[in-house]
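These are the residues of each chain, in order.
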Amino acid sequence: MRVGIGYDVHRLEKGRKLVLGGVEIPFEKGLLGWSDADVTIHAIIDALLGAAALGDIGTYFPSDDPQYKDIPSLILLEQTVALLKEHNWRIGNVDVTIIAQEPKLAPYVDQMKRKIAATLAIKEDQIGIKAKTTDELGFVGKGEGIVTHSAVLIEETK
């Protein structure tokens with residue numbers, strides 16, 4: 001068994017869709033990035049790749065590669081799962097903390113769990129998602145960005 005830790009942060013900007021955990025969330029701002037900028041999925045990808053000692057998200061999905069422009073991050077997660085399978089790893093569990101002052105994310109957590117579980121081919125009860133604020137402290141508290149931390153456990157299949 002191995003453990004991986006992932007982290008991602010993106011700036012909030014008007015004129016972008018807000019996508020977290022593969023779910024489009026109604027809000028007046030979205031995350032700025034090359035893909036759909038889903039910090040939650042990006043943190044999970046980094047945790048999975050790190051646990052398997054396969055590099056990081058930029059190794060496989062460079063932020064200047066035209067094929068990844070505006071791509072849904074769930075597609076990147078699917079490709080990451082395939083890479084893990086090639087290297088004889090399966091996912092034990094995923095734990096995620098999303099840090100955003102707003103919007104309120106609790107109403108979307110179950111939908112995020114469903115989408116992530118389906119993409120990872122695991123059960124929803126193998127995924128933990130928590131939504132937190134910073135009580136208006138720092139750039140997240142000022143509504144300038146959103147952060148996600150993720151931890152994963154993977155197990156060898158051979």
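Above: the structure in question.
## As for the sheet that holds strand β4 (residues 29-31)
By definition, the strands of a sheet pair up through backbone hydrogen bonds, in either a parallel or an antiparallel sense.
Part 1 of the reasoning: A sheet is described by the order of its strands in space; here five strands give the open sequence β4-β1-β7-β5-β6, paired in mixed fashion. A strand with exactly one partner marks an edge of an open sheet, and here the two such strands are β4 and β6 (127-132). Recorded for the sheet is a direction-independent mean angle of 20° between the axes of neighbouring strands.
Part 2 of the reasoning: As judged from the three bridges shared by strand β1 (residues 2-14) and β4, these two strands associate in the antiparallel manner. Counterpart to L12 in the pairing with β4 is L31.
Part 3 of the reasoning: Helix α4 (residues 109-120) rests against β5 (89-99) and β6 of the sheet, and its axis sits at about 145° to β6.

## Here we look at the environment of A47
Part 1 of the reasoning: On the secondary structure map, A47 appears in helix α1 (residues 39-51).
Part 2 of the reasoning: What makes A47 buried here is its relative accessible area of 0%.
Part 3 of the reasoning: The sequence separation of A47 and H10 amounts to 37 residues, and the corresponding C-alpha distance is 17 Å.

The rules behind each value
Residues numbered from 1 in each chain as written. Predicted model: local features only at pLDDT ≥ 70, side-chain atom pairs only at ≥ 80, totals over all residues. Heavy atoms only, no water. Pairing = 2+ DSSP bridges. Helix = DSSP H or I, 4+ residues; strand = E, 2+ residues; numbered from the N terminus. Axes fitted to C-alpha atoms, helices over the stretch in contact; angles between N-to-C directions. Contact = heavy atoms within 4.5 Å. Buried < 20%, exposed > 50% of the residue type's maximum accessible area, 1.4 Å probe, protein only.

Read these as geometric descriptors, not functional statements.
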